[in-house]
Amino acid sequence: MSYLTILYDVRDAIAFVTINRPDKLNALNDQVVEDLRDAAERIATDPEVRGALITGAGPKAFIAGADIADLARQGPFDGKARALRGQAVLRRLETCGKPVIAAVNGFALGGGCELAMACHIRVASENARFGQPEVKLGIIPGYAGTQRLPRLVGKGRALQLLLGGEMIDAQEAYRIGLVNKVVPADQLLAEAEQLLRGILAQGPVAVRLVLEAVERGLEMTLDEASNLEANLFGLLASSKDMREGLTAFLEKRPPKFEGR
Ligand code: COA
């Protein structure tokens, strides 16, 4: 299936998703969100796909935010519906059970920063810029930026970004823990892919369960989440991957995981 506003290409078990509206700095209009909804579902359910890498088309922007022309027309009820639709897409990506990496190649503002935060790992090019500039427009983030940003960088730093609306550069984003790694622009996709392939080389069932423990567990109390972790830890003992991983170590050879 082809999309109107994104490119979706599966190569060697990785879904490469490119937001493709470079003339509008890849702004998230309703069609992009709908295309991303379908892509997130494919990533989650296609057994051929084991991880995903998301980037923006063109040299300038990852995503410069929700499409301001759409927002300018909305009323209270369709505004809420738009926010809920976007939130659901980002949460589907976050809980798809497979590692998703954002390769941030320029502006990641508003909904762009929110989408990057819903990915499990963020790699940024040196020219990337991050921000939640909504207050400058008299609005607030709608794709759960007010929730994911403080979880990632702490409440004080998050409020500074959310209340001031200023952009920060890639190095500052790295310093505060918003991105995992900063690389030269011409190496961004290769570095992000290498990072993802490194994860895909680990025990696949273990990778899936780490994601589940973190993404579900962070929303629970410590006791509930620790119990979830213990359940998943026990569940792994029923997998061939666990036997293979431990046996390979004891036999001093590399493991051959089957993903079950
Ligand atoms: N929604 C809709 N269109 C957008 C957009 C957005 N969030 N961000 C950029 N665009 C469009 C511009 O309107 C322009 O379209 P045009 O050529 O038809 O006029 C095109 O993308 C290029 O943007 P431009 O502003 O000319 O580029 P720039 O290099 O001068 O500035 C930014 C880049 C990112 C600083 C600037 O585009 C900007 O501030 N964008 C909005 C960021 C924002 O507030 N995002 C949060 C939205 S909730």
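Details of the structure are given in the entry above.
Described in the following lines is the structure provided in the data block. (Residues numbered from 1 in each chain as written. Predicted model: local features only at pLDDT ≥ 70, side-chain atom pairs only at ≥ 80, totals over all residues. Heavy atoms only, no water.)

Here's the deal with helix α6 (residues 155-164)
At step 1: Residues of α6 that are buried include every one of Ala158, Leu161 and Leu162, and no others. Buried residues of α6, seen end-on, are gathered within an arc of 95° and therefore sit on one face of the element. Facing away from the buried side of α6 by more than 90 degrees, the exposed set consists of Gly156, Gln160 and Leu163.
At step 2: The secondary structure elements touched by the buried residues of α6 are α5 (145-153) and β9 (168-169). (Buried < 20%, exposed > 50% of the residue type's maximum accessible area, 1.4 Å probe, protein only. Helix = DSSP H or I, 4+ residues; strand = E, 2+ residues; numbered from the N terminus. Arc of directions from axis to C-beta. Contact = heavy atoms within 4.5 Å.)

Focus: the site of the ligand
At step 1: Neighbouring the ligand are 17 residues, the closest being Lys24, Lys60, Ala64, Ala66 and Ile68.
At step 2: Contacts to the ligand include aspartate 23, whose backbone N or O atom sits 3.5 Å from an oxygen atom.
At step 3: The contact in question runs from a nitrogen atom of the ligand to an N or O atom on the backbone of alanine 66, over 2.9 Å.
At step 4: Isolated, the ligand exposes 860 Å² of accessible area, and the fraction of that covered by the protein chains is 60%.
At step 5: For the shell around the ligand, the secondary structure elements donating two or more residues are α2 (68-72) and β6 (107-109).
At step 6: For the shell around the ligand, the per-class residue count stands at 11 nonpolar, one polar and five charged. (Near = heavy atom within 4 Å. Polar contact = N/O pair within 3.5 Å; in protein donor to acceptor, adjacent residues only side chain to side chain. Areas by Shrake-Rupley, 256 points an atom, 1.4 Å probe, with all protein chains shown as cover. Nonpolar A, V, L, I, M, F, W, Y, C, P; charged D, E, K, R; others polar.)

Re empty space enclosed by the protein
At step 1: Per the counting criterion, the structure on display carries one cavity of 30 Å³ or more.
At step 2: In this model, the largest cavity occupies a volume close to 30 Å³.
At step 3: Taken together, Leu28, Val33, Leu36, Gly86, Val89, Leu90 and Tyr143 make up the lining of the largest cavity.
At step 4: Each residue belonging to the lining of the largest cavity can be placed in one class, and the counts come to six nonpolar, one polar and no charged. (1 Å grid on protein atoms, 1.4 Å probe; cavity = no way out; pocket = protein on both sides within 12 Å on 5 of 7 lines; lining within 4 Å. Points joined across faces, edges and corners; volume = space filled by probe spheres on them.)

Comments concerning the packing of aromatic side chains
At step 1: Applying the stated criterion across every chain, the model contains one aromatic pair.
At step 2: Its end group placed over the ring of phenylalanine 16, arginine 11 keeps NZ or CZ at 4.0 Å from the ring centre.
At step 3: Its guanidinium or amino end placed over the ring of tyrosine 8, arginine 42 lies 4.1 Å from that ring's centre, counting from NZ or CZ. (Phe/Tyr/Trp six-rings, centres within 6.5 Å; stacked < 30°, edge-to-face > 60°. Lys NZ or Arg CZ within 6 Å of the ring centre and 35° of its normal.)

Some words on unusual backbone geometry
At step 1: At aspartate 12, a position not held by glycine, the phi torsion is positive, near 45°.
At step 2: Within the element layout of this structure, aspartate 12 appears in the loop between β1 (6-11) and β2 (14-19).
At step 3: By relative accessible area, aspartate 12 is classed as exposed at 64%.
At step 4: Within the chain, alanine 13 stands out as a residue other than glycine whose phi angle is a positive 75°.
At step 5: Structurally, alanine 13 is set in the loop between β1 and β2.

Overview of the pattern of salt bridges
At step 1: Tallied over the full model, the rule gives 17 salt bridges.
At step 2: Lysine 136 is paired through a salt bridge with glutamate 166; the nearest N and O atoms lie 3.1 Å apart. Within this pair, whereas lysine 136 is found in the loop between β8 (129-131) and α5, its partner glutamate 166 is found in the loop between α6 and β9, the two being separated by 30 residues in sequence.
At step 3: Its relative accessible area of 48% is what places glutamate 166 among the partly exposed residues.
At step 4: Through salt bridges with shared partners, a single network forms among Asp30, Arg82 and Arg85. (Salt bridge = Lys/Arg side-chain N within 4 Å of Asp/Glu carboxyl O.)

Limitation: the analysis is restricted to geometry and does not speak to function.
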